Amino acid sequence: MTFRIGWIGCGRQATEMLLPQLVMIDGVTLTALADIEPKPLLNTARRYGVSETFRDYRDLLSEGDLDGVGIAVGPAMHREIGIAALERGLPVFMEKPPATDLAGTLELKTAAAKAKKPLLLGFMKRFSTGNKIAKNILRKQDFGNPLSFLGSYMTAPTYFEGNVDYRGFFLHHCVHYLDLAPWLMGSPVKHINAREIEPRPGRLLIHLDLIFESDAIGTLIMGTMQSRGAPVEFIQIMGDHRKIDIRNVTDVQYTRDPAFKIADTKAALDNGADTLSWTPNMTVAANEDHKGYRALLESSLDAMREWPSSAPTIDDAVRAMTNLDRMVAALDRTL
Ligand SMILES: NC(=O)c1ccc[n+]([C@@H]2O[C@H](COP(=O)([O-])OP(=O)(O)OC[C@H]3O[C@@H](n4cnc5c(N)ncnc54)[C@H](O)[C@@H]3O)[C@@H](O)[C@H]2O)c1
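Residues numbered from 1 in each chain as written. Predicted model: local features only at pLDDT ≥ 70, side-chain atom pairs only at ≥ 80, totals over all residues.

> Help me understand the sheet that holds strand β10 (residues 217-223), please; the structure alone is not making it clear to me.
Paired through their backbone hydrogen bonds, the strands of a sheet run either parallel or antiparallel. Taken together, eight strands build an open sheet; the order of strands is β8-β9-β10-β7-β11-β12-β13-β14 and the sheet is mixed. Either end of the sheet is taken by a strand with one partner, and the two such strands are β8 (189-200) and β14 (276-278). Neighbour to neighbour, the strand axes of the sheet diverge by 10° on average, direction disregarded. Pairing between strand β12 (residues 242-247) and strand β13 (residues 251-255): five bridges, direction antiparallel. Residue pairing for β13: I246 is matched across the bridge by V252. Here helix α6 (residues 129-139) sits on the sheet in contact with β11 (233-239), β12, β13 and β14, set at roughly 170° to β12. (Pairing = 2+ DSSP bridges. Helix = DSSP H or I, 4+ residues; strand = E, 2+ residues; numbered from the N terminus. Axes fitted to C-alpha atoms, helices over the stretch in contact; angles between N-to-C directions. Contact = placed C-beta atoms within 7 Å.)

Given below as C-alpha cells:
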C-alpha cells in the first residue's frame, strides 16, 4: 500500500529540491499540500498534480488522510507545526533547523517521545555522495581513529544586505556543519571556542576551534563572504598516516602512506598505499542527486514506516542546536 504524505510549506526548498525527489520514491504518494500563501500553494499543487490543498496547516492535519507529514516552512514555525503533527499521531520529516533555539528543539523531542513517532531532520549533507563515501572509509578499521577535522563552509553576503541579522546564517547554514563535523568524526563535540571578524556589515567570518569527546581536535571556518557561484565547501579529516579530503560534497581523495617515487625506477601505483580518488560523472544520463536530498528522504520515509533507517533524528538535531548555542555564546551573540 502506498504511503501518503501531506506536505506543509510550498516554498523554494520544498518545491525545487525536496518534492522532485520525494515523488520519485517508490511506494510514496504526495496527497495534500498546505501553505498560507495562495501563489506557492497553487504553483506546487499544479506542478505535482495534488488536488487536496489547504491554506491552514491545521486543516491538512485534521482533514487529510495521511500516513506522514513533511514540513519545510522555516525555523519560526517548525516547532509549532511539528508538535501539532506529532500530536495528531503522525511521523514527521522536517527541514532544518527544527526551531529558533535549543528550548524549542527540546520541546519537539518531548513531543516525539510522547507520540512515540519518529521525527526526522533535513541534515542532507550526511547523504551527499562525497560525505557518505568519507564516512564509510572512516568507519572502516584500517583508518584508525579520526584525529583532526578541518572544514570551511561559506555562503554569500547577499542574504544579509539591507538587514544585517546573522541569526539566519547561524540557523540555516551553520547548523549543517555543527551536525556534519561530529557525525563524520564519530564523536560528539566536547568543547567549542569561537572568534569572528566582520570587516563590514553583512560580511562575517567565524573561526571555531573544536574538541571532540574522542579528544580529536578541529578547526571550522564559516562565513558570509564568498560567492555561491563557485564551490564553497571543503573538509579534511586526518588520522595516523591517513587523510580524507572532500571538496564541495562530491570529490573525495583518500591519502594513505605512499612510498617516495623519485628514486624508484619501477615506481607505479600501489593499490594498498597510493591515493584513491572519486569524482562524479556529471554528464551521465541519470537523474542523480549528489547533494543528498533523495537519499535523505528515502531514509526518512523508511524511518516513518518503522523500517531500518539511518535518517537523522530529533536527537541529532538537539546535538546540533546545542553546538550552535555554544558557538553563539562563544561569539558573545544570541540566536
Ligand atoms: N537543507 C537545505 O539544503 C536547505 C536549503 C534551503 C532551505 N532549507 C530549509 O527549508 C526551510 C524552508 O526554506 P525555503 O527556502 O523553502 O523558504 P521559503 O520562504 O521559500 O518557503 C517557506 C514557505 O512556507 C510558507 N509558510 C509560512 N508560514 C506558514 C504556515 N504557518 N503554514 C504553512 N506554510 C507557511 C511560506 O508561505 C512559504 O511558501 C527553512 O527551514 C530552510 O532552512 C534547507
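> What exactly am I supposed to notice about the site of the ligand here?
Neighbouring the ligand are 23 residues; G9, G11, R12, Q13 and E95 lie closest to it. Sorting the residues of the shell around the ligand by element identifies α1 (12-22) and α4 (75-87) as the ones contributing at least two each. Element by element, the count of residues in the shell around the ligand is highest for α1, at three residues. Of the residues assigned to the shell around the ligand, the class counts are twelve nonpolar, six polar and five charged. (Near = placed C-beta within 6 Å. Nonpolar A, V, L, I, M, F, W, Y, C, P; charged D, E, K, R; others polar.)

> For this particular structure, what's the right way to read the packing of α4 against helix α5 (residues 102-115)?
How two helices sit against one another is set out by the angle between their axes and by the gap between those axes. Put simply, α4 and α5 touch, their axes get as near as 9 Å, and they point 5° apart. Comparing the axis directions of α4 and α5 gives the class roughly parallel. Between α4, through R79, G82, I83, L86 and E87, and α5, the contact on the second element is made entirely by G104, E107, L108, A111, A112 and A115. (Parallel < 35°, antiparallel > 145°, perpendicular 65-115°, else oblique.)

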